[in-house]
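Understanding the architecture of this molecule
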Amino acid sequence: MNPIILITGATSGFGEAIARKFAASHWNCIITGRRKERLDSLAAELRQLGVQVLPLVFDVQDRDAVFSALGDLPAEWKNVEVLVNNAGLALGRDTFDGADIDDWEQMIDTNVKGLIYVSKAILPAMVKDRRGHVINMGSVAAKEVYQNGNGYCASKFAVDALSRSMRIDLLPHRIKVTAIHPGAADTEFSVVRYKGDDSKARQTYVGFTPLYAGDIADIVYYTATLPPNVCINDLVVTCLAQADAVYFHKEG
């Protein structure tokens with residue numbers, strides 16, 4: 001049987017690319033997201049690669065919806081080998097005193113609580129089987145705080161801390177935990193952050209070549225397919241023009 005991967009936030013960006021990468025390598029895919037049409041379209045595309053796909057429409061912010069969808073998976077989908085906690089977002093680039101608390105709450109509810117809910121729903125089966133791999137998508141913002149990053153940085157620092165804690169606590173169960181922290185990547189990230197302002201979003205990547213979703217999908221696949229005795233715990237990934245969360249070299 002093909003191994004099974006579960007990917008949250010699969011309707012765009014990293015999640016969509018990760019699903020394509022694994023499906024092309026004959027993994028059956030559980031894909032989740034809020035946008036049903038996009039999810040169904042991706043599911044149809046992946047099935048053309050000869051794999052089984054289970055699309056589940058829910059918002060990771062909704063605790064009841066998460067446990068309803070994932071707490072009672074069909075028997076043939078219960079043995080998830082890899083969980084990719086990819087659902088997440090950034091909203092706003094405002095000073096701490098000027099930021100919108102609703103933005104902060106949505107980031108915390110999605111980036112932190114959503115990761116917790118999904119992990120708690122999937123881990124019991126992994127613990128029972130004494131195998132599995134949890135891959136949490138963090139950010140360079142999990143490593144350094146930058147100006148006007150406040151709520152987003154806080155949420156990703158939490159992802160970093162949770163990943164380290166999970167790695168320690170799940171050691172006795174032989175479960176791998178990996179945190180992958182991408183830098184600037186040309187996905188829907190900036191469009192969402194700037195609330196649909198395409199002009200501001202495009203300016204984010206002017207003067208350098210950023211990461212692309214496929215780059216991160218390749219890295220996720222690499223970390224997930226290493227020998228059983230090897231676990232990459234923590235990985236920071238940037239494009240060549242970016243050194244960390246703050247420093248870039250831009251041409252022109």
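Criteria and cut-off values
- Residues numbered from 1 in each chain as written.
- Predicted model: local features only at pLDDT ≥ 70, side-chain atom pairs only at ≥ 80, totals over all residues.
- Heavy atoms only, no water.
- Helix = DSSP H or I, 4+ residues; strand = E, 2+ residues; numbered from the N terminus.
- Rg over C-alpha atoms; globule rule 2.2 N^0.38 Å.
- Buried < 20%, exposed > 50% of the residue type's maximum accessible area, 1.4 Å probe, protein only.
- Contact = heavy atoms within 4.5 Å.
- Areas by Shrake-Rupley, 256 points an atom, 1.4 Å probe, with all protein chains shown as cover.
- Lys, Arg positive; Asp, Glu negative; His and termini not counted.
- Charge placed at Lys NZ, Arg CZ, Asp CG, Glu CD.
- Patch = residues over 30% accessible without salt bridge, like charges linked within 9 Å, V, L, I, M, F, W, Y side chains within 5 Å.
- Salt bridge = Lys/Arg side-chain N within 4 Å of Asp/Glu carboxyl O.
- 1 Å grid on protein atoms, 1.4 Å probe; cavity = no way out; pocket = protein on both sides within 12 Å on 5 of 7 lines; lining within 4 Å.
- Points joined across faces, edges and corners; volume = space filled by probe spheres on them.
- Nonpolar A, V, L, I, M, F, W, Y, C, P; charged D, E, K, R; others polar.
- Core = buried A, V, L, I, M, F, W, Y, C linked by side-chain atoms within 4.5 Å.

1. Description of the overall build of the protein chain
Counting secondary structure elements, the protein chain contains 8 helices and 7 strands. A globule of 252 residues ought to have a C-alpha radius of gyration of about 18 Å, and the protein chain, at 18 Å, matches this closely. If you line up the protein chain on its principal axes, its C-alpha atoms span 50 × 40 × 35 Å. Across the 252 residues in the protein chain, those meeting the buried criterion constitute 48%. Long-range contacts, defined here as pairs at least 24 residues apart, represent 71% of the contacts in the protein chain between residues at least 6 apart. If you sum the accessible surface of the protein chain, you get close to 12300 Å²; carbon and sulfur atoms cover 52% of it. Each charge class in the protein chain can be summarised by its mean position, and for the 26 positive and 30 negative side chains these summaries are 6 Å apart.

2. Considerations on a negative patch on the surface
On the surface, Asp94, Asp100, Asp102 and Glu105 cluster together into a patch of negative charge. Residue aspartate 102 is classed as exposed on the basis of its relative accessible area, which comes to 53%.

3. As for unusual backbone geometry
Even without a glycine there, the phi angle at arginine 130 is positive, about 55°. Mapped onto the fold, arginine 130 is located in the loop between helix 4 (101-129) and strand 5 (133-137). Residue class for arginine 130 comes out partly exposed when judged on its relative accessible area of 44%. We note that arginine 174 has phi near 60°; this positive angle belongs to a residue other than glycine.

4. Re the layout of surface pockets
To find leftover empty space, a probe the size of one water molecule is rolled over the atoms. Size it by volume and the second largest pocket reaches roughly 420 Å³. If you go around the second largest pocket, you meet 18 residues; those closest to its centre are Gly132, Arg174, Lys176, Pro228 and Asn229. Tallied by class, the residues present in the lining of the second largest pocket amount to 9 nonpolar, 3 polar and 6 charged.

5. A word on the side chain of aspartate 103
Of note, aspartate 103 is situated in helix 4. Classification of aspartate 103 as buried rests on a relative accessible area of 7%.

6. Focus: the nonpolar core
One finds Ile5, Ile18, Ile31, Val84 and Val220 to be the most contacted residues of the largest nonpolar core, which totals 37 residues. Among the secondary structure elements, those contributing two or more residues to this core are strand 1 (4-7), helix 1 (13-24), strand 2 (28-33), helix 2 (36-47), strand 4 (82-85), strand 5 and helix 8 (213-224). Of all hydrophobic cores here, the second largest spans 27 residues; its members include Ile30, Leu70, Leu73 and Leu170.

7. So, the environment of asparagine 150
Tracing the chain through its elements places asparagine 150 in helix 5 (residues 150-169). Along the chain, asparagine 150 and glycine 92 lie 58 residues apart, while their C-alpha atoms are 9.8 Å from each other. Ignoring any residue separated from it by four or fewer positions in sequence, one finds asparagine 150 in contact with Asp94, Thr95, Phe96, Ala99 and Trp104.

Note that every value here comes from positions in space, so none of it alone points to a role or purpose.
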